[in-house]
Amino acid sequence: MFDSGVGGLTVLHECLVSLPTEDFLYLGDDLRFPYGALSQEQLTQNVRTITSYLLERGTKLIVIACNSAASAGLAAAREIAEPRGVEVVAVIEPEAEVAAAVTDSGRVGVLATPATVRSGSYLRALAAQHRPLTVTEVEAPDLAAVIQRGFPFDRNVVEMVRSYCEPLKRAEVDTVILGCTHYPLVAPMLQRSLGRDVRLVTGGHAIAAMCQRVLAERDLTATSKREGDYSFLCTGDPEAFTELGTRFLQMPLGEVEQVVLP
Ligand code: DGL
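Residues numbered from 1 in each chain as written. Predicted model: local features only at pLDDT ≥ 70, side-chain atom pairs only at ≥ 80, totals over all residues. Heavy atoms only, no water.

Caption draft 1: Molecular detail of the overall build of the chain. Counting secondary structure elements, the chain contains eleven helices and ten strands. Taking the principal axes of the C-alpha coordinates as reference, the chain spans close to 50 × 40 × 40 Å. Here the chain holds 262 residues, and the buried ones make up 54% of them. (Helix = DSSP H or I, 4+ residues; strand = E, 2+ residues; numbered from the N terminus. Buried < 20%, exposed > 50% of the residue type's maximum accessible area, 1.4 Å probe, protein only.)

In structure tokens:
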């Protein structure tokens with residue numbers, strides 16, 4: 001599983017709960033954070049590099065736990081992994097499915113990084129659902145960086161969150177996709193600003209269910225009854241990753257290995 005930093009830990013968390021006997025290897029490409037500011041070409045290149053690297057490490061399934069990366073590089077990752085018999089699952093599609101299923105009014109909001117919004121991936125994924133939806137997308141260029149920097153969140157962050165929520169409130173959406181894996185970490189702030197009746201949709205549950213299904217279909221589910229291992233790789237400073245990641249995962253990370261990617 002990979003992300004540009006610690007955001008994907010919100011997805012990993014759900015997978016650790018739903019798939020407790022599987023082993024997980026998580027890579028945070030924090031050296032090249034933020035992905036949300038990269039071009040589609042740069043993102044696709046990063047996805048190729050990381051996918052190849054994770055395949056070398058012997059993974060049986062790859063999870064792109066980063067919306068910006070998935071919005072640009074899912075097809076590229078599949079091109080590399082599928083010939084080697086490995087499936088790639090990614091955020092975006094699963095959240096679109098959930099949002100279309102739970103919205104009453106059909107007015108859906110998407111809050112995401114500039115890269116994700118500009119890719120049009122959510123618009124396509126929501127248009128592919130079998131009901132007409134009115135979609136309001138908001139770019140949040142600074143939110144992931146604030147989260148990645150860690151706590152404490154101050155009044156400026158609250159103001160920032162409020163300003164991103166404003167267009168969603170004006171559009172009277174009843175469902176908002178948190179289209180960046182960092183955002184569930186500020187879910188209470190978002191919920192307060194949007195109002196308690198607005199449903200927040202995150203990728204975690206849906207991805208965990210998808211991993212479960214794909215592993216079962218391919219007969220790859222771990223057969224052991226023991227608890228699986230999980231370990232972490234990062235491209236930036238391992239100490240900083242450990243510090244922040246532990247708080248975000250709310251579980252010990254153990255030794256974080258720093259890797260050098262081409
Ligand atoms: N977690 C990443 C995502 O889901 C975004 C953060 C970044 O800009 O790198 O898009």
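Caption draft 2: How the structure looks around the pairing of strand 4 (residues 87–90). Here strand 3 (residues 61–64) pairs with strand 4 via four bridges, running parallel. Bridging across to strand 4, Ile64 finds its partner in Ala90. (Pairing = 2+ DSSP bridges.)

Caption draft 3: Seen up close, the packing of aromatic side chains. Taken as a whole, this structure holds four aromatic pairs when the rule is applied. Aromatic pair Tyr26 and Phe232: ring centres 5.9 Å apart, planes at 55 degrees, arrangement tilted. Here Tyr26, found in strand 2 (residues 24–28), pairs with Phe232, found in strand 9 (residues 230–234); they are 206 residues apart in sequence, far enough to count as distant. Like Phe232, Tyr26 is buried. (Phe/Tyr/Trp six-rings, centres within 6.5 Å; stacked < 30°, edge-to-face > 60°.)

Caption draft 4: Representation of the nonpolar core in the model. Core analysis: the largest hydrophobic core is formed by 91 residues, its most contacted members being Phe2, Leu12, Cys15, Ile64, Leu143, Tyr183 and Phe232. The contact partners of Leu12, leaving out residues within four places of it in the chain, are Met1, Phe24, Tyr26, Phe232 and Leu249. (Core = buried A, V, L, I, M, F, W, Y, C linked by side-chain atoms within 4.5 Å. Contact = heavy atoms within 4.5 Å.)

Caption draft 5: Structural context of the site of the ligand. Inspection of the region around the ligand gives 14 residues, with Ser4, Tyr35, Gly36, Asn67 and Ser68 positioned closest. Contact distances for the ligand include 2.6 Å between an oxygen atom and a side-chain N or O atom of Ser4. Among the residues making up the shell around the ligand, the classes are represented as six nonpolar, seven polar and one charged. (Near = heavy atom within 4 Å. Polar contact = N/O pair within 3.5 Å; in protein donor to acceptor, adjacent residues only side chain to side chain. Nonpolar A, V, L, I, M, F, W, Y, C, P; charged D, E, K, R; others polar.)

Caption draft 6: Structural view of the side chain of Thr103. Relative to the elements of secondary structure, Thr103 occurs in the loop between helix 4 (93–102) and strand 5 (107–112). On the basis of relative accessibility, which here comes to 3%, the residue Thr103 falls in the buried class. At a separation of 2.9 Å, a polar atom in the side chain of Thr103 contacts the main-chain amide nitrogen of Gly106. If we ignore the near neighbours within four places in the chain, the residues touching Thr103 are Val108, Arg131, Leu133, Asp174, Thr175 and Arg199.

Caption draft 7: Region of the structure containing the environment of Ile177. Relative to the helices and strands, Ile177 resides in strand 7 (residues 175–179). The exposure class assigned to Ile177 is buried, which follows from its relative accessible area of 0%. Each C-alpha atom, one on Ile177 and one on Gly120, is 14 Å from the other, the two residues being 57 residues apart in sequence. Apart from residues no more than four positions distant in its own chain, Ile177 is found in contact with Glu95, Ala96, Ala99, Val108, Gly109, Val110, Leu111, Tyr122, Leu126 and Val201.

Caption draft 8: Representation of the pattern of salt bridges in the model. Applying the stated criterion to the full structure yields twelve salt bridges. Between Glu82 and Arg78 there is a salt bridge; the shortest N-O distance is 3.9 Å. Salt-bridge contacts for Arg247 lead to Glu243; the nearest nitrogen and oxygen are separated by 3.0 Å. Of the two residues, Arg247 and Glu243 are both situated in helix 11 (residues 238–249); the distance of four residues between them amounts to about one turn of the helix. (Salt bridge = Lys/Arg side-chain N within 4 Å of Asp/Glu carboxyl O.)

Caption draft 9: Seen up close, the sheet that holds strand 8 (residues 199–201). Read across the sheet, four strands follow the order 6-5-7-8 without closing on themselves; strand pairing throughout is parallel. Two strands bound the open sheet, and with one partner strand each, they are strand 6 (134–139) and strand 8. Averaged over all pairs of adjacent strands, the angle between strand axes in this sheet comes to 25 degrees, irrespective of strand direction. Judged from the five bridges that link them, strand 5 and strand 7 form a sheet pairing that is parallel. Bridging from a neighbouring strand, Val110 pairs with Ile177 of strand 7. (Axes fitted to C-alpha atoms, helices over the stretch in contact; angles between N-to-C directions.)

Caption draft 10: Structural detail: the environment of Ser68. On the secondary structure map, Ser68 appears in helix 3 (residues 67–81). Linking Ser68 and Gly179, residues 111 residues apart in sequence, is a C-alpha distance of 8.7 Å.

Caption draft 11: A look at the packing of helix 2 (residues 40–56) against helix 3. Closest axis-to-axis distance for the helix 2/helix 3 pair is 8 Å, and the angle between their directions is 45 degrees. For the element pair helix 2 / helix 3, the angle class is oblique. Seen from above, helix 2 lies across helix 3 with right-handed handedness. Residues Gln40, Leu43, Thr44, Val47, Arg48, Thr51, Ser52 and Leu55 of helix 2 lie in contact with helix 3, whose contacting residues are Ser68, Ala69, Ser71, Ala72, Gly73, Ala76, Ala77, Ile80 and Ala81. (Parallel < 35°, antiparallel > 145°, perpendicular 65-115°, else oblique. Left-handed = near helix turned anticlockwise from the far one by under 90°.)

Caption draft 12: Main features of the side chain of Thr49. For Thr49, the position within the fold is in helix 2. Residue classification places Thr49 among the buried positions, given a relative accessible area of 12%. A distance of 2.9 Å separates a polar atom in the side chain of Thr49 from the backbone oxygen of Gln45.

Everything listed here is a matter of geometry and, on its own, says nothing about what the molecule does.
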